[in-house]
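For reference, the chains in residue letters:
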Amino acid sequence: MLRNVDLWTRDGFFSTPDGSSIYFWGLASREDGKAQLPGPLIVVQQGDTVRINLTNTLPEATSLLFPGQEGVTVDDGTGPRPVQPRFGPGGVLTSFTDYADYPDNPMANPTRVTYAFTPENPGTYLYWSGTNVHRQVLMGLHGCLIVRPADYDESVPARRTAYGEGTGTEFDREYVLVLAEVDPELNYNVEHGFPYRVRDYKPRYWTMNGRCAVDTMLPSGVGYLPTQPYGSMITAEPGEKVLFRYAGGGIENHPLHPHGNHTRIVGLDGRLLRNGATDLSYKRFTVLVGPGQTYDQIFIWTGLGFDPVTHPIPTVLPQLQNLAVGHAGNTLWSGSAYLGLKGDLPVGVADLNDMGEYYFMLHSHEEVQITNWGKYPGGLMTMVAVFPSGRLGERHGRIPYTESVPV
Amino acid sequence: MAIIEQRLGATDGWVKMPDGNLFYIMGFVDITGVPETAVVSYRGKARLIAPLVEAKVGDEVYLTLTNLGFPGRPDLDDSHTVHWHGFPNQIPLYDGVPEASVAVRVGRDFDYYYKPLDPGTYMYHCHFEPVEHIQMGMVGPLIARPRDYDPGVPALKTAYGSGTGTEFAREYFVFLTELDARAHEFMVLVQEYDWSEYRADYYLINGRAYPDTVKDNGDPSLPSQPFSARIKANTGDRVLLRFVNLGYQQHAIEIVGIPLHVAGVDAQRPVGLNGEDLSYGKNVLYVAPGQTYDVMFTAPAPGTYPLYNRNCHKNMNAGVAPGGMVSEVAVHPGTLPPQPGPNA
Amino acid sequence: MVTNIDLWAKSGSIILPGRDPLPFWGFSGSAGAGAQLPGPRYDVMEGESLHITLSNQLPGTTSLVLSGVEFTPQPVKDGQGRFVSYNTEAAPGGSAAYDIVAARPGVFLYQSGTAPETQVQMGLYGVIVVRPLGYDPGNPSTWSGYGPGTGTEFDVEKVLVIGEVDTAWHEEIAGGGTPSDYDPGYFTLNGRSYPATVDPDDASSQPYGSGMAAAPGQRILLRIINAGFLNHTLSLDGVTARVVAGDSWPLKTSIDTTYRKNTITLGSGQSYDLLFTAPATGKYVIYDRDLNHVVNANQFPGGIITILEVT
């Protein structure tokens, strides 16, 4: 199948929960669309022909790298050729790959290029700018690419997998978490044409799918975050297989720790952890997400079997007035120890719990990264919400393909 | 299977760095079995690091948290929790995340209940305002023993159970944290700290910086920092090091002259779905915050083997070397008596 | 059989792009030669006994340790019982000898064991490559990283030693002072920052190039080792490699636990052996995905970038 993806580089502003509006460079998926952080999620299938049409509107040349893909070609109007790094006077690198020039360049090079490739391996990948990488990637020019296996069939559980039938990577729901950091001062300097000194890099915000907590827990596509379309709230039912696709879009390592249970890492950088019959998957409770790298994991929460009748919790819950409930005036706790039950909450504490679902925090364990400019809560944090069986809609945590076009 | 009852007081206190500087901390102190009338005398006696919590798979652990308040900050009425980091299939009530369950107010108790499912090295910490409470010192080690653990039977004195190749003669936790002097000073001066300014001045193993790391357990000069980080063994002993990182930075630990074997990661044996043995060797162990590693070696010839952070700029105390994350492995020629317990 | 390795610790100067010569301390392999960054690379055979003599021409004491090698160090402590050196010291103008067995194949760092926070940063590090039994430099059919059955046969081999340079530290330490916060502005492969990384080997104080050349289909063994104090993340553009060893422990032994990676993070002191087949003709960029490490001071491009040329 041919997947045609149109992308425009564009500048814009994104918001943080503490009220900042920060300049960034991002990618838009429509000519009249807004730049977004991170770039549009691209979902294709193994063996597809993927064409990425990149049009540059920034004040400098730009490009895209597709790490983990082989045989990538570029076409700037003269026909496809293998991508190559570009060198300037003295043989010094000017771009890690062929680029789309900036509109006002007197050399009048093409501002639109088409990259094409055929993904040979299913899995999770990143894409990022290959030009002035020390600036453009940090400014927001990065995103995630999912390659579904050739035998993928969403309606058949054995074929709803990350790496193909029989690879032990079946999932019921899937979530992408792209991590990055922001030093607002560097972005400000780019906005105002001041010197960009990456040595001074000092992140104050840490983003999960382009948002800082607590905005990470808002739904995708909320209108007041027009440049940050992707939420990071994870939902599941007990026993379901949840595929976490972590991707390091920034330039630092982040140790992500989900409460509730370990994850089993089944793939790295879009490669299944298996050699023939030898399974190389392994369990972790904290995964260090490195820059430019991806981690496919299966998370399953089954609980410990507590039930008010057959298996009550073995300690006595103190009276409400002896407990501290709620943070900043609200709580995700149901008031009950049991899944699917609701209990009393103290007067004055806002109840954010819907039907007795459980919430497990998923966050960076470099705790300064769960702040927004030093204030907790914020940054790299979201929740895994486990709903009572049968109560969560099937479409939660299902990611559609990027539209295909007839060849 | 045993029932284990342990009681932790949450309070504040002071720790000492080798350069003589004292720092205000928050932390836990063991008040198991202390008469109710005497509990108040533990206010202000927080330990860095917190007491070891130890149980076998199948045991029932009732861990009572008592919030003793902060005598050094009487204006603060912070609640506290215990988060058993890595406990599988946990329910929110016992998970200790205040936003998603309950916390313990000053002067109150709460009983956490755990029935460990998987052996290995874990950690616990307070999850209330975690960026502050973890850096301030509310962190401790946690060991889950395999169900068949028997320290009197060599084949059953293992990290992950008989037949897993994790028999050990001696075990030590190597608990890595850092201390940001300004964060602690701001706390005692009742000032807000911008945590994005975090920088470590002291790099600690088991709550101490070098050369205090090599002082004995319970050294009288370090009343709030009871755990030595000196590793002792007889030549030929299998030694298990339980690495925990509850700092805010990644660390790379190396022992001069002793390559390491990674036998456990995040309280799991590294095994594939079909039981494939994925354990591996490492010359330098690279540990991120929130991770644990169970690392083994056979004690070589008698001698002193330095242990240090390969991020060498961290082997300093407030910029002065030697210091920081340095300790040593002291190998004896068979003259050490059997080890009575972890880090002993 | 005993192999003698004679090392001298000396001061010298290095050139980083766009700035004046910078003082450094490094190893040299002969009395007459200058210090170099990294130190001389040695090739020895698995099982060989190494008798290393270190002659100290620095103003202060120094010593030598090997990383990842089993040996019994002889640490030196001060009057307060604190480590001064992790191994036998060579006083200024004096020397010390170390006996080590190269027990297993791989790539190993040798470095100063005295005040490593200053001396290793000043440049006192190098690598020893230990060849597996049966390796014959004259017979390409015997070339492998770890010997038969480890899946590490190669046609082309490249060792890349990662480092950092904090110029303020160098100036401070060379002047006899004590450095403050570590904040390197230069990032190096084999002691050089891009674009010098792609220059060929030469006789300077930074003798090792990091450029690579291969023909399509050739098996390339990339041996990356991190001598810096920070983490670094190498990314291979256009290539996904197989990780065949970590810290010189081969991953294919009784079972095959090798795995594929496009980008890999190395903690300080760690190494990875990456094996891949040279792709179609063209140039391929290999760089530090910590993108604040691809600059010289603030100047892009620089730092940890090199090029593989397939022709």
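This structure is a prediction, so every number in the text was calculated from the model and none was measured.

### A short note on helix α2 (residues 184–191) of chain A
Phase 1: Among the residues making up α2 of chain A, those that are buried are Pro-184, Leu-186, Asn-187, Asn-189 and Val-190 of chain A.
Phase 2: With a side-chain oxygen positioned 2.9 Å from the backbone nitrogen of Glu-185 of chain A, the residue opening α2 of chain A is Asp-183 of chain A.

### Here's the deal with helix α2 (residues 167–174) of chain C
Residues and elements named next belong to chain C.
Phase 1: Within the span of α2, buried status applies to Thr-167, Trp-169, His-170 and Ile-173. Buried positions in α2, seen along its axis, are confined to an arc of 160° and lie on one side of it.
Phase 2: Buried residues in α2 make contact with β2 (22–28), α1 (116–119), β12 (156–165) and β13 (186–189).
Phase 3: Backbone nitrogen of Ala-168 and a side-chain oxygen of the N-cap are separated by 3.0 Å at the start of α2; the cap is Asp-166.
Phase 4: Backbone geometry just downstream of α2 places Gly-176 in the positive-phi region, at approximately 90°.

### Topic: the interface of chain A and chain B
Phase 1: Contact with chain A, which involves 63 residues of that partner, is made by 67 residues of chain B.
Phase 2: When chain A packs against chain B, close to 5200 Å² is buried across both sides, 58% of that on carbon and sulfur atoms.
Phase 3: Inspection of the region where chain A meets chain B yields 5 salt bridges.
Phase 4: Among the salt bridges present, the one from Lys-202 of chain A reaches Glu-197 of chain B, with a minimum N-O distance of 3.1 Å.
Phase 5: Here chain A is connected to chain B by 35 residue pairs in polar contact (both at pLDDT 80 or more).
Phase 6: At the level of secondary structure, the elements contributing two or more residues to the side of chain A that touches chain B comprise β16 (254–258), β20 (278–279), β21 (282–284), β22 (287–289), β24 (323–325) and β27 (358–364) of chain A.
Phase 7: Sheet topology places β24 of chain A next to strand β6 (residues 102–104) of chain B; 3 bridges connect them, and they run antiparallel. Residue pairing in the sheet places Val-325 of chain A in a bridge with Val-102 of chain B of β6 of chain B.

### Topic: the interface of chain C and chain A
Phase 1: Across the contact, 39 residues belong to chain C and 38 residues belong to chain A.
Phase 2: Both sides together, the interface formed by chain C and chain A hides about 3300 Å², and carbon and sulfur atoms give 55% of it.
Phase 3: In terms of surface lost to chain A, no three residues of chain C exceed Arg-289, Asn-298 and Phe-300 of chain C, which account for 21% of the buried area on that side.
Phase 4: Remark: the boundary between chain C and chain A carries 2 salt bridges.
Phase 5: For Arg-199 of chain A, the salt bridge goes to Asp-183 of chain C, with nearest N and O atoms at 3.3 Å.
Phase 6: Secondary-structure elements contributing two or more residues to the side of chain C that touches chain A are β16 (232–236), β19 (259–261), β20 (263–266), β22 (282–288) and β23 (305–310) of chain C.
Phase 7: Here the element with the most residues in the side of chain C that touches chain A is β22 of chain C; it accounts for 4 residues.
Phase 8: Of the residues belonging to the side of chain C that touches chain A, the class tally is 16 nonpolar, 14 polar and 9 charged.

### Let's talk about the pattern of salt bridges
Two side chains bearing opposite charge may form a pair once their charged atoms approach each other closely.
Residue and element names in this part refer to chain B.
Phase 1: Inspection of the entire model under this criterion finds 45 salt bridges over all chains.
Phase 2: Glu-36 is the partner of Arg-7 in a salt bridge, and the nearest nitrogen-oxygen pair spans 3.1 Å. One end of the pair, Arg-7, is in strand β1 (residues 3–16); the other, Glu-36, is in the loop between β2 (22–30) and β3 (53–56), with 29 residues separating them in the sequence.
Phase 3: On the basis of relative accessibility, which here comes to 12%, the residue Arg-7 falls in the buried class.
Phase 4: The exposed category is assigned to Glu-36, whose relative accessible area is 55%.
Phase 5: Put simply, Glu-54, Arg-145, Glu-171, Arg-242 and Asp-294 are held in one network by salt bridges that share partners.

### What to know about the nonpolar core
Phase 1: Counting residues in hydrophobic clusters, the biggest one holds 174 residues, and the most contacted among them are Phe-28 and Leu-241 of chain B.
Phase 2: Sorting elements by how many residues they give to this core places strand β10 (residues 170–179) of chain B first, with 6 residues.
Phase 3: Grouped together as the second largest cluster of nonpolar side chains are 58 residues, Met-316 of chain B together with Leu-50, Ala-90 and Val-107 of chain C included.

### Some remarks on the sheet that holds β23 of chain C
Residues and elements named next belong to chain C.
Phase 1: Taken in spatial order, the 5 strands of this open sheet run β14-β23-β22-β16-β20, and their pairing is mixed. Both outer strands of the open sheet, β14 (212–214) and β20, are each paired with one neighbouring strand and no more. The sheet shows a mean angle of 20° between the axes of neighbouring strands, direction not considered.
Phase 2: Pairing analysis gives 3 bridges linking β16 to β22, with the strands arranged antiparallel. When the sheet's bridge partners are listed, Leu-234 is paired in β22 with Asp-288.

### Considerations on a nonpolar patch on the surface
Phase 1: Together, Trp-14, Leu-22, Val-188 and Leu-189 of chain B give the surface a local cluster of nonpolar side chains, amounting to about 390 Å² of exposed area.
Phase 2: Its place among the elements puts Trp-14 of chain B in strand β1.

### Points about the state of the cysteines
Residues and elements named next belong to chain A.
Phase 1: Per the stated rule, a full pass over the model turns up 0 disulfides over all chains.
Phase 2: No disulfide involves Cys-144; its sulfur sits 19 Å from that of Cys-212, the nearest cysteine.
Phase 3: Overall, Cys-144 belongs to the buried group, its relative accessible area being 2%.

### Structural notes on the domain arrangement of chain C
All names here are of chain C.
Phase 1: Splitting chain C by domain gives domain 1 (2–143) and domain 2 (162–310).
Phase 2: Relative to domain 2, the C-alpha centre of domain 1 lies at a distance of 20 Å.
Phase 3: Contacts between the two partners involve 33 residues from domain 1 and, on the opposite side, 34 residues from domain 2.
Phase 4: The junction of domain 1 with domain 2 conceals about 2800 Å² of combined surface from both sides, 61% of it contributed by carbon and sulfur atoms.
Phase 5: Looking at the side of domain 1 facing domain 2, the largest losses of area belong to Pro-17, Val-107 and Gln-121, adding up to 23% of the total buried there.

### Side note on the side chain of Asn-315 of chain B
Residue and element names in this part refer to chain B.
Phase 1: Tracing the backbone shows Asn-315 in the loop between β19 (303–309) and β20 (326–332).
Phase 2: Accessibility expressed as a relative area gives 2% for Asn-315, which makes it buried.
Phase 3: Polar contacts involving the side chain of Asn-315 include one to the main-chain carbonyl oxygen of Asn-309, which spans 2.9 Å.

Cut-offs used in this document
The written sequence of each chain sets the order in which its residues are numbered from 1. Each chain gets a letter, beginning with A, and each ligand a number, beginning with 1, in the order they are written. At least 70 in pLDDT is required for a residue's local features to be given in this predicted model, at least 80 for side-chain atom pairs to be given and counted, and no such filter applies to totals for whole chains, interfaces and linings, which use all residues. Hydrogens are left out, water is left out, and the side-chain values use all remaining heavy atoms of the structure. Think of it in three bands: with a 1.4 Å probe and only protein chains considered, a residue is buried below 20% of the maximum accessible area for its type, exposed above 50%, and partly exposed in between. Numbering of helices and strands runs from the N terminus; a helix is a DSSP stretch of H or I covering at least four residues, while a strand is a stretch of E covering at least two. By the criterion applied in these results, polar contacts are pairs of N or O atoms within 3.5 Å in which, for protein atoms, one can donate a hydrogen and the other can accept it, and in which residues neighboring in sequence qualify only through two side-chain atoms. The arc under discussion is defined with respect to the helix axis, by the directions toward the C-beta atoms. Every residue pair with non-hydrogen atoms within 4.5 Å of one another is taken to be in contact. Put simply, buried area is the surface a 1.4 Å probe can reach on two separate parts but cannot reach once they are joined, added for both. Salt bridges, as used here, are contacts in which a Lys or Arg side-chain nitrogen is within 4 Å of a carboxyl oxygen on Asp or Glu. Two strands make a pair as long as DSSP finds a minimum of two bridges between them. Think of it as three bins: nonpolar holds Ala, Val, Leu, Ile, Met, Phe, Trp, Tyr, Cys and Pro, charged holds Asp, Glu, Lys and Arg, and polar takes everything else, Gly as well. Residue types Ala, Val, Leu, Ile, Met, Phe, Trp, Tyr and Cys, when buried and joined through side-chain atoms within 4.5 Å, form a set referred to as a nonpolar core. Throughout, an axis means a line fitted to C-alpha atoms (over the contacting stretch in the case of helices), and angles, computed between N-to-C directions, take values from 0 to 180 degrees. Patch building starts from residues that exceed 30% relative accessible area and form no salt bridge, then joins like charges within 9 Å and nonpolar side chains (Val, Leu, Ile, Met, Phe, Trp, Tyr) within 5 Å. Using a 1.4 Å probe, accessible areas were evaluated by the Shrake-Rupley method; residue-level cover was limited to the displayed protein chains. A pair of sulfur atoms, both from cysteines and within 2.5 Å, is called a disulfide here. Note that the domain bounds reflect an automated or database-derived domain assignment.

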